[in-house]
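The residues making up each chain are set out below.
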Amino acid sequence: MDWNKLISYKRLGQESRHSERHDDRTEFKRDYDRLIFSAPFRRMQNKTQVFPLPGSIFVHNRLTHSLEVASVGMSLGNDVANILIGREPALQQSLLPHIGTIVSTACLAHDMGNPPFGHSGEKAIQAFFTEGGGAALRSLLTPEFWSDITHFEGNANAFRLLTHRFKGRRDGGFVMTYATLAAIVKYPFSSMAAGKKGKFGFFGSEQAIYERIAQELGIRKLSAEGEPLRYARHPLVYLVEAADDICYEIMDIEDSHKLKILTFDETADMLLGFFEEHDRQQILRRITDEGITDDNEKVIYMRACVIGKLENECVKVFADHEQQILSGTFEGSLIDHISTRQHEAYRRCTAISVKKIYNSRPVLDVELSGYKIIETLMESLTEAAVHPEKFHSQQLIRRFSSQYDICSPSLEDRIMAVIDYISGMTDVYALDIYQKINGISLPIV
């Protein structure tokens, strides 16, 4: 793969024309602005990241997480660009200097396709078709579509959200640049090629779009003729993934300290574990010299040091393995290849997070409730999509936004409209619809 081809201003849906521009923003900055001001991006403020949505203590939601990931992604992209241009000055004349903006924009979008209630929402959609009432529909659907919905994936749904032409919308969806769209696709293969984890990057309905982007940018195709479609990653995907890996792991630890799931001593021990003894002592001296006595502020300072360290480590890995990344032979994530001390500290944080954070009672309670809510919505709304002639179905169908093609003659399109509608809900809206469907709450006039 070639940097001169991998970064392109070409826009989905506007390949044959270019609009006249009246300001000095780059095309990639336009992508960034387009996402920031979009309704799906705003809705992430009311979607669970890990912990329940705020009570008296404000913790991360999908929106704040995405903004932080975008900040780290900007640093990663800019630092990598500086190193690569230093090696090959001719790249200064290409679009490579803009990769910080591209990575940051892709980071903003990376969670936009996630349904309400985090990963339990994903599991509920999958399980409805594999274990629930949706299993009876298998004989009515194509194998490709069945594979898509039984492996339902927030990553693939983000690509659909940005590229699909929903009813009343323009061709190309958000009309993003090819480079930004390619940087979003973490798993560049179809659901038929998904491994044991079931991860994939695009539904069958958007496969041709990804193929067009990959061909234009020169992304290496890995699958042979007749095999399920599989591509190498666009190189910038590694930077988007690294920004996400850094933020969710480290920020979940900070949130857990605020919520008193982890003690201060446990938190400090985990964060300082990323540094050699000399650097640890220097961090502690700075905290003392700055007069910081509040434990939360101490954790914030240590967390900032860790993020900076991991960002530097990931930049180094990318730069050291540039040729493998460009050839499509690099294996794993950038985090997998960082220095031994940082890698072991990261693994320790992951292990403690699984034990103490992700299996804590507040998190499990959200997952249990969220699973039931999404399961019920899938049952009721899919029934309406399959049997739209029924009276109750018609009542439910009126709840759908006009952008979702719930009245399509195609059963698969109607089912996908249900998934589009539910996955786009906020946690609070999903709960509200759940309560109304079950007669638990009535509107008060």
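Data block above holds the structure.
Residues numbered from 1 in each chain as written. Predicted model: local features only at pLDDT ≥ 70, side-chain atom pairs only at ≥ 80, totals over all residues. Heavy atoms only, no water.

S.K.: So what's going on with the overall build of the protein? Which residues, and what values?
M.R.: From N to C terminus, the protein includes 20 helices and zero strands. Since a compact globule built from 445 residues should have a radius of gyration of about 22 Å, the 23 Å found for the protein is in line with a globular shape. Its C-alpha atoms give the protein principal-axis dimensions of about 70 × 50 × 45 Å. The 445 residues of the protein split such that 53% are buried. Of all intrachain contacts in the protein linking residues separated by at least 6 positions in sequence, the fraction that spans at least 24 positions is 72%. By element, 50% of the accessible surface of the protein is carried by carbon and sulfur atoms, the whole surface being about 20100 Å². Across the protein, the mean location of the 51 positive side-chain charges is 3 Å away from that of the 60 negative side-chain charges. (Helix = DSSP H or I, 4+ residues; strand = E, 2+ residues; numbered from the N terminus. Rg over C-alpha atoms; globule rule 2.2 N^0.38 Å. Buried < 20%, exposed > 50% of the residue type's maximum accessible area, 1.4 Å probe, protein only. Contact = heavy atoms within 4.5 Å. Areas by Shrake-Rupley, 256 points an atom, 1.4 Å probe, with all protein chains shown as cover. Lys, Arg positive; Asp, Glu negative; His and termini not counted. Charge placed at Lys NZ, Arg CZ, Asp CG, Glu CD.)

S.K.: So, the pattern of salt bridges: which residues are in play, and what are the values?
M.R.: Counted under the stated rule, the structure contains 24 salt bridges. Across the salt bridge formed by aspartate 111 and arginine 62, the nearest N and O atoms sit 2.8 Å from each other. Residue aspartate 111 is found in the loop between helix 5 (99–109) and helix 6 (118–130), and its partner arginine 62 is found in helix 4 (residues 62–87); the two are separated by 49 residues along the sequence. Owing to a relative accessible area of 7%, aspartate 111 belongs among the buried residues under this scheme. Across the salt bridge formed by arginine 348 and aspartate 269, the nearest N and O atoms sit 2.6 Å from each other. Of this pair, arginine 348 sits in helix 16 (residues 340–357) while aspartate 269 sits in helix 12 (residues 264–272), placing them 79 residues apart in sequence. When its relative accessible area of 37% is taken as the criterion, arginine 348 is described as partly exposed. (Salt bridge = Lys/Arg side-chain N within 4 Å of Asp/Glu carboxyl O.)

S.K.: Describe the nonpolar core, with residues and values.
M.R.: Nonpolar side chains in soluble globular proteins tend to be buried together. Among the nonpolar cores identified, the biggest contains 133 residues, and Trp3, Phe129 and Leu334 are the most heavily contacted of them. Take this core: its biggest share by element is 11 residues, from helix 11 (residues 236–258). (Core = buried A, V, L, I, M, F, W, Y, C linked by side-chain atoms within 4.5 Å.)

S.K.: Provide a residue-level description of helix 5, including the pertinent values.
M.R.: Most of helix 5 is tucked away, with 11 of its 11 residues classed as buried. Among all positions in helix 5, only Ile99, Gly100, Thr101, Ile102, Val103, Ser104, Thr105, Ala106, Cys107, Leu108 and Ala109 are buried. Those residues of helix 5 hidden inside the fold are in contact with helix 2 (27–36), helix 3 (39–43), helix 4, helix 8 (154–163), helix 9 (178–184) and helix 11.

S.K.: Now, about the packing of aromatic side chains: what can you tell me, with residues and values included?
M.R.: Summed over the entire model, instances satisfying the criterion amount to 15 aromatic pairs. Judged by centre distance (4.9 Å) and plane angle (40°), the rings of tyrosine 9 and phenylalanine 28 are tilted. With a gap of 19 residues between them, tyrosine 9 in the loop between helix 1 (3–6) and helix 2 and phenylalanine 28 in helix 2 connect regions that are remote in the sequence. Assessed through its relative accessible area of 31%, tyrosine 9 is described here as partly exposed. (Phe/Tyr/Trp six-rings, centres within 6.5 Å; stacked < 30°, edge-to-face > 60°.)

S.K.: Which residues make up empty space enclosed by the protein, and what values do they have?
M.R.: Under the definition given, this model contains one cavity of 30 Å³ or more. Roughly 120 Å³ of internal volume is contained in the largest cavity. Taken together, Pro40, Arg43, Lys47, Met112, Asn157, Leu161, Phe166, Tyr404, Asp420, Ser423 and Gly424 form the lining of the largest cavity. Of all the secondary structure elements, the ones that give two or more residues to the lining of the largest cavity are helix 3, helix 8 and helix 19 (411–423). Partitioning the lining of the largest cavity into residue classes produces five nonpolar, three polar and three charged. (1 Å grid on protein atoms, 1.4 Å probe; cavity = no way out; pocket = protein on both sides within 12 Å on 5 of 7 lines; lining within 4 Å. Points joined across faces, edges and corners; volume = space filled by probe spheres on them. Nonpolar A, V, L, I, M, F, W, Y, C, P; charged D, E, K, R; others polar.)

S.K.: Break down the side chain of threonine 101 for me, citing the residues and quoting the values.
M.R.: Checked against the element boundaries, threonine 101 lands in helix 5. With a relative accessible area of 18%, threonine 101 lands in the buried category. Among all residues touching threonine 101, those that are not within four sequence positions of it are Phe28, Lys29 and Met74.

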